[in-house]
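Descriptive analysis of the structure
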Amino acid sequence: MEKNLTTGSVAKTVLSFSLPFLLSYFLQTLYGMADLFIIGQFNGVGSTTAVSIGSQVMHMLTVMIVGLAMGSTVMIGQATGAGKRDQASRATGNTVTLFMALAVALTAGLLLAVRPIVSVMSTPAEAVAGTVSYLTICFMGIPFITAYNIISSIFRGMGDSKSPMYFIAVACGANIALDYLFIGGMGLGAAGAALGTTLAQTISVAVSLAIIRKKKAGITLAPGDFRPQRETMAGLLKIGVPVALQDGFIQIAFIVITVIVNKRGLNDAAAVGIVEKIIGILFLVPSSMLQTVSALCAQNIGAGKHDRARLTLGYGCLITLIWGIAAVAVMQLDAEAFIGLFSDSGEVVLMGGQYMRGYVWDTVLAGIHFCFSGYFCACGLSGISFLHNSVSIICARIPLSYLASKYFADTLFPMGLASTAGSGVSAVICVGVFLWMYRQQAGRQPGDSGRDIRKAAF
């Protein structure tokens with residue numbers, strides 16, 4: 001349902017909008033972790049590593065799709081905030097056309113590239129067959145993954161963060177049930193995990209479409225809205241492509257780090273895979289705040305309320321900072337207890353604890369640059385987010401991870417710190433750019449944000 005986010009208490013709006021986001025991300029993370037947890041109960045380290053590597057590849061694809069969909073959220077949000085329903089309808093229809101074409105192309109291309117991808121990942125020999133099976137099945141489900149994410153982006157642009165939460169809840173419940181059926185009951189291993197994931201996503205999309213047909217979404221679509229329009233497509237891509245590239249670059253960096261770790265052996269690979277899943281939970285608040293800040297600021301900028309947009313950014317940063325400090329405290333006390341939930345191997349638990357204690361500091365700094373990235377995207381300046389992430393990856397994450405692996409062969413702790421250093425670089429750049437832009441725009445009267453968002457950012 002369409003909802004106006006440009007009035008009322010800013011703090012209350014941020015919390016009420018972000019809570020469904022947070023629950024959605026929790027369910028989505030649980031959705032991904034279910035495969036790893038359940039495979040660990042019925043299979044050995046080889047199958048666990050296969051699912052870990054395969055799910056990392058799928059996570060990369062998913063976040064890039066979500067990043068590209070940011071263009072839809074922002075354009076629909078700006079149009080909704082400005083009360084321009086015809087623009088919102090065109091953005092919605094063109095989003096569907098764009099992403100369905102993309103889904104078909106991705107599915108075909110990736111199915112042909114399964115084995116090269118597994119090879120590039122330096123997958124341990126014991127996990128190659130399982131990883132190939134996992135990715136092949138998951139790649140066939142890309143149209144449904146894409147459909148879920150574009151439906152969610154459209155709803156969030158209209159100010160509705162609850163419906164996407166319900167959709168992912170359905171997928172999560174189905175995935176857990178199907179995993180136990182295929183992995184535990186039928187003994188299909190990594191292939192069973194992938195089959196459960198794909199079918200669960202299909203069920204979720206079917207349920208979401210049924211709900212959309214029964215409820216008034218706030219936007220009426222005509223056949224012409226689905227026809228590609230140059231200006232609308234350009235707007236979607238102008239915002240979404242830098243975010244997708246940024247997210248893809250980040251995931252490539254993590255994949256490079258995974259390749260570096262995989263060369264150290266099966267136990268190190270399993271440990272890093274488990275930690276990445278747990279970190280996914282810790283990043284729920286920063287991730288939800290990125291999307292919250294983006295959606296809320298888009299509507300407020302569309303309505304010309306730039307002070308309210310900046311205040312939204314401030315509340316987002318405060319919330320993520322508090323969460324990050326709490327996460328650091330918990331993991332420094334007993335990281336091994338969390339690693340042990342996914343593996344009974346003493347070596348895996350030991351190495352995972354080391355990696356987590358270095359990596360967990362990333363939750364503090366990442367929360368800051370996540371919020372700024374959401375704000376920049378809402379302003380139509382997603383290129384800034386791409387810039388700071390690229391710099392942090394090239395100058396910190398990858399080179400420091402390589403050096404840590406080379407000179408600290410007996411511990412994963414320094415490799416964990418490499419990711420933290422990368423987020424530190426991003427946070428400094430974001431704050432610096434924001435302050436510079438603010439000084440440049442001080443005293444300038446904002447124009448029509450719907451027509452020239454760059455001039456109206458402040």
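Since we're looking at a predicted model, the values are computed, not measured. (Residues numbered from 1 in each chain as written. Predicted model: local features only at pLDDT ≥ 70, side-chain atom pairs only at ≥ 80, totals over all residues. Heavy atoms only, no water.)

Details of the overall build of the chain
In terms of regular secondary structure, the chain is built from 16 helices and zero strands. In summary, the chain has a C-alpha radius of gyration of 21 Å against a globular reference of 23 Å for 458 residues, a match within 12%. Expressed as lengths along the three principal axes of its C-alpha atoms, the size of the chain is roughly 60 × 45 × 35 Å. Counting every position in the chain, which comprises 458 residues, the buried fraction comes to 58%. (Helix = DSSP H or I, 4+ residues; strand = E, 2+ residues; numbered from the N terminus. Rg over C-alpha atoms; globule rule 2.2 N^0.38 Å. Buried < 20%, exposed > 50% of the residue type's maximum accessible area, 1.4 Å probe, protein only.)

Topic: the packing of aromatic side chains
The tally for this structure, following the rule as stated, stands at seven aromatic pairs. Look at F372 and F376: their rings are 6.2 Å apart centre to centre, the planes differ by 40 degrees, and that puts the pair in the tilted class. Of this pair, F372 and F376 both sit in helix α14 (residues 362–378), four residues apart, roughly one helical turn. Each member of the pair, F372 together with F376, is buried. Members of the aromatic cluster, each reached through a chain of ring pairs, are F372, Y375, F376 and F434. (Phe/Tyr/Trp six-rings, centres within 6.5 Å; stacked < 30°, edge-to-face > 60°.)

Section: the pattern of salt bridges
Under the counting rule described, the total for this entry stands at three salt bridges. Residue R310 pairs with D307 through a salt bridge whose shortest N-O separation is 2.1 Å. A residue pair is termed a helical-turn pair when its members lie 3 or 4 positions apart in one helix, as R310 and D307 do in helix α12 (residues 306–339) at three residues. The buried category is assigned to R310, whose relative accessible area is 18%. Its relative accessible area of 57% is what places D307 among the exposed residues. (Salt bridge = Lys/Arg side-chain N within 4 Å of Asp/Glu carboxyl O.)

Structural notes on the nonpolar core
One finds Y134, L135, F139, M356, Y375 and F376 to be the most contacted residues of the largest nonpolar core, which totals 103 residues. If sequence neighbours within four positions are ignored, F139 has contacts with V57, M58, L61, T107, L110, L111, V114 and I117. A91, A147, M165 and A171 belong to the second-largest nonpolar core, a separate cluster that totals 15 residues. (Core = buried A, V, L, I, M, F, W, Y, C linked by side-chain atoms within 4.5 Å. Contact = heavy atoms within 4.5 Å.)

Here's the deal with the environment of L30
Mapping L30 onto the fold places it in helix α1 (residues 10–42). Taking the relative accessible area as the measure of exposure, L30 reaches 32% and is therefore partly exposed. Separated by 139 residues in sequence, L30 and A169 place their C-alpha atoms 9.8 Å apart. Non-local contacts of L30, meaning those with residues more than four positions away in its chain, are made with C172 and I176.

Quick word on the confidence of the model for the chain
When pLDDT is averaged across the chain, the result is 80; 91% of the residues are at 70 or more. Counting interchain partners and residues more than four positions distant, the pLDDT-below-50 stretch residues 446–458 has 33 contacts. (pLDDT = per-residue confidence, 0-100.)

Details of the side chain of T49
Here T49 lies in helix α2 (residues 45–81). We classify T49 as buried; its relative accessible area is 1%. Beyond its immediate sequence surroundings of up to four residues, T49 is in contact with P124, A127, L266, A269 and A270.

So, the packing of α12 against helix α13 (residues 346–359)
Contact geometry for α12 and α13: axes closest at 8 Å, N-to-C directions at 145 degrees. In this structure, α12 meets α13 at a crossing whose hand is right-handed. Judged by residue contacts, M331, Q332, L333, D334, A335, E336 and I339 of α12 engage V348, V349, G352, G353, M356 and R357 from α13. Split into classes, the residues belonging to the contact of α12 with α13 amount to seven nonpolar, three polar and three charged. (Axes fitted to C-alpha atoms, helices over the stretch in contact; angles between N-to-C directions. Left-handed = near helix turned anticlockwise from the far one by under 90°. Nonpolar A, V, L, I, M, F, W, Y, C, P; charged D, E, K, R; others polar.)

Digging into a nonpolar patch on the surface
Judged by side-chain polarity, L400, Y402, L403, Y407 and F408 come together as a nonpolar surface patch covering roughly 520 Å² of accessible area. In this fold, L400 is placed in helix α15 (residues 382–407). Take L400: its relative accessible area is 35%, and that puts it in the partly exposed class. (Patch = residues over 30% accessible without salt bridge, like charges linked within 9 Å, V, L, I, M, F, W, Y side chains within 5 Å. Areas by Shrake-Rupley, 256 points an atom, 1.4 Å probe, with all protein chains shown as cover.)

Describing helix α11 (residues 284–302)
Given 3.6 residues per helical turn, the α-helix brings residues three or four places apart onto the same face. The end-to-end C-alpha distance of α11, which contains 19 residues, comes to 27 Å, matching closely the 27 Å that a straight helix rising 1.5 Å per residue would cover. Within α11, 19 of the 19 residues are buried, which leaves the element mostly enclosed by the surrounding structure. (Expected span 1.5 Å × (residues − 1).)

A closer look at helix α5 (residues 128–140)
Taking 1.5 Å of rise per residue, 13 residues should cover 18 Å, and α5 covers 19 Å from first to last C-alpha, within 8% of that figure. Residues G130, T131, V132, Y134, L135, I137, C138 and F139 constitute the buried set of α5.

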